[in-house]
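Results of the structural survey
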Amino acid sequence: YKMGIMHGEQISYAADKLDKYDDLEICDESISKKAKMFRKWRYYLSLKSNVIDGKLDGTQLTYHYNGRLESILNFSNGMPQGKREEYSLNGKIRTRANYSNGNFHGKYETWYTNNKPMYDLTYNHGYLTGEYKYYYQSGNLQRYGKAEDDLRVGEWTRYFEEGMPKYVETFQLKDSVPAEIEDE
């Protein structure tokens, strides 16, 4: 702290009961040295970040209980800026995105646990713009369309899992509806 305001490196540990992870394998020796064992609890490094004058600044790293990286998110003056990546417990990429001034900007990609794509989207300063691709867990395309400033435009096609079109909707910008990430 500096004059009552958070300032400097921020490090957090979390606790888990050991009996849940009898076969726990630590993947990173440097992180495992920081993990402390006490009775039936295991304390592990869960977060590392930097705070300047009360605002996140620089790279924030979060970790899973097994020591593997969970997420990377960059901040500038308290706002997400640049690269964001999220990983599963086994280290596989789950989400890859970019921020500009706190808003999604550029490619936004997510994957299912089987490593098949889930979403392939593009944002322009926080607005969904360009191709919208949503996939089934099998990797086959489920929905395809285009967006402009968060609105559906042109033809949007929903597919059966086998790949045949299910139906097509056409949107004019004047009467379009929001293009949103769908609930599964």
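These remarks concern the structure in this document. All residue numbers refer to positions counted from 1 along the written sequence of the respective chain. At least 70 in pLDDT is required for a residue's local features to be given in this predicted model, at least 80 for side-chain atom pairs to be given and counted, and no such filter applies to totals for whole chains, interfaces and linings, which use all residues. Hydrogens are left out, water is left out, and the side-chain values use all remaining heavy atoms of the structure.

1. Side note on the pairing of strand β6 (residues 69–76)
Here the rule is simple: two strands pair whenever DSSP picks up at least two bridges between them. Helix numbers and strand numbers start at the N terminus; a helix is a DSSP run of H or I with at least 4 residues, a strand a run of E with at least 2. Inspection of the sheet shows strand β5 (residues 58–63) paired to β6 by six bridges, in the antiparallel sense. Of the residues in β6, the one forming a bridge with Y63 is L69. Here β5 folds back onto β6, and the loop between the two strands holds five residues, one of which, G67, carries a positive phi near 90 degrees. Note: β6 against strand β7 (residues 79–87), five bridges, orientation antiparallel.

2. Section: the side chain of S88
Within the secondary structure, S88 sits in the loop between β7 and β8 (93–100). The term polar contact refers here to a pair of N or O atoms within 3.5 Å; inside protein, the definition further demands a hydrogen-donor-capable atom paired with an acceptor-capable atom, and it admits residues adjacent in sequence only when both atoms are side-chain atoms. A polar atom in the side chain of S88 sits 2.3 Å from the side chain of N90.

3. Topic: the nonpolar core
Nonpolar cores are built from buried Ala, Val, Leu, Ile, Met, Phe, Trp, Tyr and Cys residues. Side-chain atoms within 4.5 Å join them into one set. Accessible area is worked out with a 1.4 Å probe on protein chains only. A residue is then buried under 20% of its type maximum, exposed over 50%, and partly exposed in between. If you look at the biggest cluster of nonpolar residues, it comprises 14 residues, and the most contacted ones within it are Y119, L121, L128, Y132, Y134 and W156. Taken together, the elements giving at least two residues each to this core come down to β11 (117–124) and β13 (130–135). Among the elements that make up this core, the one with the highest residue count is β11 (four residues). By the convention used here, residues are in contact when the closest approach between their heavy atoms is within 4.5 Å. Discounting chain neighbours no more than four positions away, the residues touching L128 are L121, T122, Y123, A147, E148, D149, D150 and A179.

4. What to know about the environment of K146
Here K146 shows up in strand β14 (residues 141–148). The sequence separation of K146 and W156 amounts to ten residues, and the corresponding C-alpha distance is 7.1 Å. Sequence-distant contacts of K146, that is, excluding residues within four places in its chain, are made with G130, E131, L151, R152, V153, E155 and W156.

5. Considering the pattern of salt bridges
Salt bridge criterion: a side-chain nitrogen from Lys or Arg within 4 Å of a carboxyl oxygen from Asp or Glu. Applying the stated criterion across every chain yields a total of six salt bridges. The partner of R96 in a salt bridge is E85, with the nearest N and O atoms 3.4 Å apart. With R96 in strand β8 and E85 in strand β7, this pair connects stretches of sequence that are eleven residues apart. A residue is classified by how much of its surface remains accessible, and E85, at 10% relative accessible area, is buried. Residue R143 pairs with E169 through a salt bridge whose shortest N-O separation is 3.7 Å. Here E169 lies in strand β16 (residues 165–171) and R143 lies in strand β14, a separation of 26 residues in the sequence. With relative accessibility at 4%, the residue R143 sits in the buried group. Each of R143, R152 and E169 takes part in a single network of salt bridges with overlapping partners.

6. Some details on the packing of aromatic side chains
Ring pairs (aromatic) are described by centroid distance and by the angle formed between their planes. In summary, the pairing rule links any two rings of Phe, Tyr or Trp, Trp by its six-membered ring, whose centres are within 6.5 Å, and it sorts them by plane angle into stacked for under 30 degrees, edge-to-face for over 60 and tilted for everything else. Following the criterion strictly, the structure yields seven aromatic pairs and no others. Summarising the aromatic geometry, the rings of F104 and Y123 are spaced 5.2 Å apart at their centres and angled 40 degrees between planes, so their arrangement reads as tilted. Note that F104 is positioned in strand β9 (residues 103–104) and Y123 in strand β11, a separation of 19 residues in sequence. A relative accessible area of 10% means that Y123 is categorised as buried. Considering the side-chain rings of Y132 and W156, the 4.7 Å spacing of their centres and the 45 degrees angle between planes classify their relative orientation as tilted. With Y132 in strand β13 and W156 in strand β15 (residues 151–159), this residue pair connects regions lying 24 residues apart in the sequence.

7. Side note on unusual backbone geometry
With a phi angle near 55 degrees, M3 is a residue other than glycine that sits in the positive phi range. Position of M3 among the secondary structure elements: in the segment before β1 (8–17). Residue class for M3 comes out exposed when judged on its relative accessible area of 82%. Here the phi dihedral of D149 falls at roughly 50 degrees; this positive angle occurs in a residue that is not glycine. Here D149 is to be found in the loop between β14 and β15. Classification of D149 by relative accessible area gives partly exposed; the value is 46%.

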